[in-house]
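Descriptive analysis of the structure
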Amino acid sequence: VKPLFGHFQQTSIQRFEIMVQVDMSKRQCKSLSSIFLIALFAFSETQPKIVDASNGPFSSHTVVPPGGSTAAQPKKRLTLDSMSANLKLMQYAVRGQVVILADKINKDLQTGTGKYPFKDILYTNIGNPHSVGQKALTWPRQVMALVDLPEEAGVDHPDAGTLFPADTIERARAIKAGMGGSGSGAYSHSQGVPCFRDDIVAFLEERDGGIKSNPDAIFMTNGASSGIGMILGALMADGKCGAMIPIPQYPIYSASIDLLGGRQVGYFLDENNGWDMNMEELERSLEEAKADGTNVVCFVLINPGNPTGQVLSKKAVQDVCRFCAKHNLVLLADEVYQENVYDDNAEFVSCKLAAHEAGLIDSNEIELVSFHSTSKGLYGECGLRGGFMELVGFDPAVKEEIYKLASSSLCSNLPGQIMTSLMCRGPKPGDLSYESHESEKQAIFDSLKRRSEIVSEGLDSIPGFSCQKAAGSMYCFPSIELPA
């Protein structure tokens with residue numbers, strides 16, 4: 001325990017800041033609260049009494065302030081010892097210690113305390129486009145505003161036509177009607193508003209060249225994250241179940257698997273080949289996991305890659321689909337960056353299209369769930385938490401259990417559902433807002449592509465750094481060689 005600042009009098013206790021180092025990997029957190037309380041009184045005018053309290057809140061000692069009662073304090077039910085071991089094991093690096101320190105420094109900057117050689121902190125620990133300057137698209141926000149407003153203040157207001165283009169008013173009316181006239185403040189069907197799921201189906205069928213989708217197989221979710229959590233929750237049946245996840249990977253997968261008590265089965269992407277798939281590596285990873293007693297139940301594919309920025313070829317995606325069919329693994333396809341493809345020689349190919357062309361869907365050989373979101377792409381609407389997942393090839397009885405799970409949360413948030421509908425079905429050619437909407441999207445795409453090149457080339461030019469060019473998504477992942 002180390003005082004960081006001079007202590008000062010506060011009633012009968014000296015107040016100061018402390019820094020405690022705890023070996024989290026060995027779970028030596030048990031005495032942290034005791035250490036803090038002992039330190040808290042360390043500079044008081046009168047030393048505290050430490051009494052035996054085997055049933056006290058810290059299971060070893062109870063600290064009593066000067067003049068206080070020696071009676072044992074009420075025992076806390078939830079402590080580091082009694083709480084979920086899986087929660088303590090879980091790590092989520094994108095909101096971890098670096099960000100906690102950044103928050104502290106940012107607070108210092110705002111309050112004028114502390115001296116730093118900079119004035120601002122730019123948070124780039126997570127893909128959050130609007131927080132770093134990307135503007136919201138106008139047309140979706142106009143429609144959202146009209147949907148959220150009461151009719152008399154929005155679509156039916158006498159001046160609505162002078163404030164909003166006619167096509168936004170028309171779409172807002174259609175959305176209100178599709179929600180049964182209840183507005184965006186009411187619960188919806190647990191899988192999402194039916195007409196919104198129809199918009200998703202039309203989007204998927206157009207994307208994949210007419211391959212049929214079913215609204216009953218669509219679950220609208222709070223971003224992609226909640227859908228990922230639902231599916232992993234269904235898959236991690238016991239502590240021996242494992243999920244194959246890429247290395248590097250987006251930490252929601254490792255964090256969720258740890259929280260659910262499952263096992264991470266990492267497979268390495270081929271950095272020297274643009275972070276491509278290596279089928280020999282997949283087989284190696286799977287066989288080693290099986291030899292270790294792991295029941296591998298699913299495979300996670302992130303395409304375009306997060307945080308590696310690759311865009312896989314059709315052959316690579318089909319190879320993954322065949323691998324999952326061969327080994328009876330549920331394929332989780334994280335496709336939230338499907339609009340973020342910057343390399344003119346690359347093309348996003350969905351797992352559904354790849355599996356269909358490989359004959360795996362018609363032969364019912366694959367179980368596939370794909371995820372998409374309004375948080376990435378060209379919308380960047382992270383805060384609205386809109387997204388969906390599509391189930392393909394699932395046992396109908398399992399689908400009913402997933403519906404039950406979705407129902408336990410009632411429904412995903414309605415603003416996110418609305419934004420998802422607008423992302424999937426934008427203004428049509430000839431609509432008043434079409435050209436301006438497409439122009440705004442193109443400007444965002446061009447900006448993302450330009451910055452992708454600047455970052456990858458900049459990192460690659462630093463001595464000791466090497467960085468593969470990002471063909472898509474929003475990230476670069478450099479390799480750093482440290483001197484001996």
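One structure accompanies this document, and this report is about it. (Residues numbered from 1 in each chain as written. Predicted model: local features only at pLDDT ≥ 70, side-chain atom pairs only at ≥ 80, totals over all residues. Heavy atoms only, no water.)

**Section: helix α7 (residues 194-207)**
Our working definition: Numbering of helices and strands runs from the N terminus, with a helix taken as a DSSP run of H or I at least four residues long and a strand as a DSSP run of E at least two residues long. To estimate the expected span of a helix, subtract one from its residue number and multiply by 1.5 Å. A simple rule labels every residue: compare its accessible area, found with a 1.4 Å probe on the protein chains alone, to the largest value its type can have, and call it buried under 20%, exposed over 50%, or partly exposed in between. Whether two residues are in contact is decided by their heavy atoms, any of which lying within 4.5 Å being enough.
Under the 1.5 Å per step criterion, the end-to-end length of α7 is 20 Å for 14 residues, consistent within 8% with the ideal 20 Å. Those residues of α7 not exposed but buried are Phe196, Arg197, Asp199, Ile200, Val201, Phe203, Leu204 and Glu205. Those residues of α7 that are buried are in contact with α6 (166-178), β7 (218-222), β12 (368-373), β13 (386-392) and α14 (414-424). Downstream of α7 by one or two residues, glycine 209 has phi in the positive range, about 70°.

**Quick word on the sheet that holds β12**
For the record, the criterion: By definition, two strands form a pair when at least two bridges between them are found by DSSP. In this description, a line fitted to the C-alpha atoms serves as the axis of each element, helices being fitted only across the stretch in contact, and the angle between N-to-C directions of two axes falls anywhere from 0 to 180 degrees.
Overall, mixed pairing links the 7 strands, which are arranged β7-β13-β12-β11-β10-β8-β9 in an open sheet. Across the chains shown, the open sheet's two edge strands, defined by having one partner strand only, are β7 and β9 (263-268). Between one strand and the next, the sheet's axes are offset by a mean angle of 25°, whatever the strand orientation. Examined bridge by bridge, strand β11 (residues 330-334) and β12 share 4 bridges and lie parallel to one another. Bridging across to β12, leucine 331 finds its partner in leucine 368. The sheet strands contacting α7 are β7, β12 and β13, and the helix crosses β7 at an angle near 110°.

**Notes on the pairing of strand β10 (residues 295-302)**
To keep it simple, the criterion reads: Looking down the strands as they point away from you, a crossover is right-handed if its path from the first strand over the helix to the second goes clockwise.
Burial analysis of β10 places 7 of its 8 residues in the buried class, which makes it a mostly covered element. Relative to β10, strand β8 (residues 241-247) is paired through 4 bridges, and the arrangement is parallel. Looking at β10, one finds that glycine 242 is bridged to valine 296. Where β10 lies against β11, 5 bridges are found, and the strand directions are parallel. Bridging from a neighbouring strand, isoleucine 302 pairs with aspartate 334 of β11. A crossover links β10 with its parallel partner β11, the connecting element being helix α11 (residues 314-327), and its sense is right-handed.

**Describing the pattern of salt bridges**
Opposite charge on two side chains allows them to pair when their charged atoms are near. Keep this limit in mind: For salt bridges, the criterion is a side-chain nitrogen of Lys or Arg within 4 Å of an Asp or Glu carboxyl oxygen.
For the structure on display, the rule yields 19 salt bridges. Residues glutamate 335 and arginine 207 are paired through a salt bridge, measuring 3.8 Å at the closest nitrogen-oxygen approach. Taken together, the residues glutamate 335 in the loop between β11 and α12 (351-357) and arginine 207 in helix α7 connect sequence positions 128 residues apart. You can call arginine 207 partly exposed: its relative accessible area is 23%. Taking the shortest distance from any N to any O, the salt bridge between lysine 441 and glutamate 438 comes out at 3.6 Å. Of this pair, lysine 441 and glutamate 438 are both found in helix α15 (residues 434-460), 3 residues apart, which corresponds to roughly one turn of the helix. What emerges from the salt-bridge pattern is a single network uniting Arg171, Asp199 and Arg425.

**Considerations on the packing of helix α8 (residues 223-235) against helix α9 (residues 252-259)**
Threshold: Angular relationships are summarised with four words: roughly parallel below 35 degrees, roughly antiparallel beyond 145, roughly perpendicular across 65 to 115, and oblique for the angles in between. The handedness criterion is simple: a crossing whose near helix is rotated anticlockwise from the far helix by less than a right angle is left-handed, and one whose near helix is rotated clockwise is right-handed. Three residue categories are used. Nonpolar comprises Ala, Val, Leu, Ile, Met, Phe, Trp, Tyr, Cys and Pro, charged comprises Asp, Glu, Lys and Arg, and polar comprises the others, including Gly.
Packing of α8 against α9 leaves a shortest axis separation of 10 Å and a crossing angle of 40°. By the angle between their directions, the pair α8 and α9 is classed as oblique. In the crossing of α8 with α9, the sense of the turn from one axis to the other is right-handed. Judged by residue contacts, Ser225, Ile228 and Leu232 of α8 engage Ile252, Tyr253, Ser256 and Ile257 from α9. The residue makeup of the contact of α8 with α9, split by class, is 5 nonpolar, 2 polar and no charged.

**Concerning the pairing of β8**
Counting buried residues along β8, 6 of its 7 residues qualify, which places the element largely inside the surrounding structure. Where β8 meets β9, 6 bridges bridge the pair, whose relative direction is parallel. Note on β9: the bridge partner recorded for alanine 243 is glutamine 264. Between the parallel elements β8 and β9, the chain passes through α9 in a crossover that is right-handed.

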